[in-house]
Amino acid sequence: DAMVIQNPRYQVTQFGKPVTLSCSQTLNHNVMYWYQQKSSQAPKLLFHYYDKDFNNEADTPDNFQSRRPNTSFCFLDIRSPGLGDAAMYLCATSRDASQETQYFGPGTRLLVL
Amino acid sequence: GESVGLHLPTLSVQEGDNSIINCAYSNSASDYFIWYKQESGKGPQFIIDIRSNMDKRQGQRVTVLLNKTVKHLSLQIAATQPGDSAVYFCAENRGAQKLVFGQGTRLTINP
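On a predicted model such as this, the values are computed, not experimentally measured, just so you know. (Residues numbered from 1 in each chain as written. Chains lettered and ligands numbered in written order. Predicted model: local features only at pLDDT ≥ 70, side-chain atom pairs only at ≥ 80, totals over all residues. Heavy atoms only, no water.)

A word on the sheet that holds strand 7 (residues 64–67) of chain A
Residues and elements named next belong to chain A. Taken in spatial order, the 4 strands make up an open sheet running 1-3-8-7, and their pairing is antiparallel. A single partner strand is all that each edge strand has here, and the edge strands are strand 1 (4–7) and strand 7. On average, adjacent strands in this sheet sit at an angle of 20 degrees to one another, irrespective of strand direction. For strand 7 and strand 8 (residues 73–78), the ladder comprises 4 bridges, and the chain directions are antiparallel. Bridge pairing in strand 8 places Phe64 opposite Ile78. (Pairing = 2+ DSSP bridges. Helix = DSSP H or I, 4+ residues; strand = E, 2+ residues; numbered from the N terminus. Axes fitted to C-alpha atoms, helices over the stretch in contact; angles between N-to-C directions.)

Listed below in structure tokens is the structure:
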């Protein structure tokens, strides 16, 4: 089945130790997104790629970076995780531009010790 | 600022009853809306969507209603089942590949 896959499902890292979260998709969608979701809150968009074009949200901290080496894969890099970065990180994809449904992966829950 | 929000953070219904989850939006230019269901520890799951040229759309046990005059969106779930327990988010697609989520409503089903 076509789907959005996130690995790992749970990630534990140490304060200040760089961590990378992975997302892959078999939908062949042009757009890939990364969201941060904290407990009992709505997902918050960090950035997205439209094909190879990177689009950062104005309030996304510089500590968060992303890479999209090809259509299928997208990575979220947290350069120096702080305790406040503990959250669920959701990857989503959409086929193209506006009026397009976004399809979400299962998420990676990040714990910072 | 503009936002998409929900009237009630929690909703408790009896199993078998119908559920209605509401959402208000403030951007009158928005032309596409989505309802997502999110179960504990999982990613949001697409339920149903509606475009602004429609005022009603039906799926399996779910109906979305759109009232553009008062900028209101609702999700109706018929014959609510225990598996419907989740947090429900409305989301507004504002173009440029951006989705703005509402606050979320936690739906609890009583046996």
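Looking at the pattern of salt bridges
This model, assessed by the stated rule, comprises 6 salt bridges over all chains. Lys44 of chain A is the salt-bridge partner of Asp59 of chain A, the closest N and O atoms lying 3.3 Å from each other. With Asp59 of chain A in the loop between strand 6 (53–56) and strand 7 and Lys44 of chain A in strand 5 (residues 44–50), this pair connects stretches of sequence that are 15 residues apart. Taking the relative accessible area as the measure of exposure, Lys44 of chain A reaches 32% and is therefore partly exposed. Two residues, Arg61 of chain B and Asp84 of chain B, come together in a salt bridge whose shortest N-O distance is 2.9 Å. With Arg61 of chain B in the loop between strand 6 (56–58) and strand 7 (62–67) and Asp84 of chain B in the loop between strand 8 (72–77) and strand 9 (86–93), this residue pair connects regions lying 23 residues apart in the sequence. (Salt bridge = Lys/Arg side-chain N within 4 Å of Asp/Glu carboxyl O. Buried < 20%, exposed > 50% of the residue type's maximum accessible area, 1.4 Å probe, protein only.)

As for the nonpolar core
Among the nonpolar cores identified, the biggest contains 20 residues, and Trp35, Leu73, Leu75, Tyr88 and Leu107 of chain B are the most heavily contacted of them. The set of elements that each furnish at least two residues to this core consists of strand 2 (10–14), strand 3 (19–25), strand 4 (32–38), strand 5 (45–51), strand 7, strand 8, strand 9 and strand 11 (105–110) of chain B. In this structure, Val4, Phe64, Ile78 and Val112 of chain A belong to the second largest nonpolar core, which totals 18 residues. (Core = buried A, V, L, I, M, F, W, Y, C linked by side-chain atoms within 4.5 Å.)

Brief notes about a nonpolar patch on the surface
A surface patch of nonpolar side chains, amounting to about 290 Å² of accessible area, comprises Val12, Leu111 and Leu113 of chain A. Among the secondary structure elements, Val12 of chain A is positioned in strand 2 (residues 10–13). (Patch = residues over 30% accessible without salt bridge, like charges linked within 9 Å, V, L, I, M, F, W, Y side chains within 5 Å. Areas by Shrake-Rupley, 256 points an atom, 1.4 Å probe, with all protein chains shown as cover.)

Things to note about unusual backbone geometry
Cis geometry is adopted by the peptide bond preceding Pro8 of chain A, which originates at Asn7 of chain A and carries an omega value of -10 degrees. With respect to the helices, strands and loops of the structure, Pro8 of chain A is situated in the loop between strand 1 and strand 2. Even without glycine at this site, Arg61 of chain B takes up a positive phi of about 65 degrees. You can call Arg61 of chain B partly exposed: its relative accessible area is 29%. Of note in this structure, Lys71 of chain B is not a glycine but carries a positive phi near 55 degrees.

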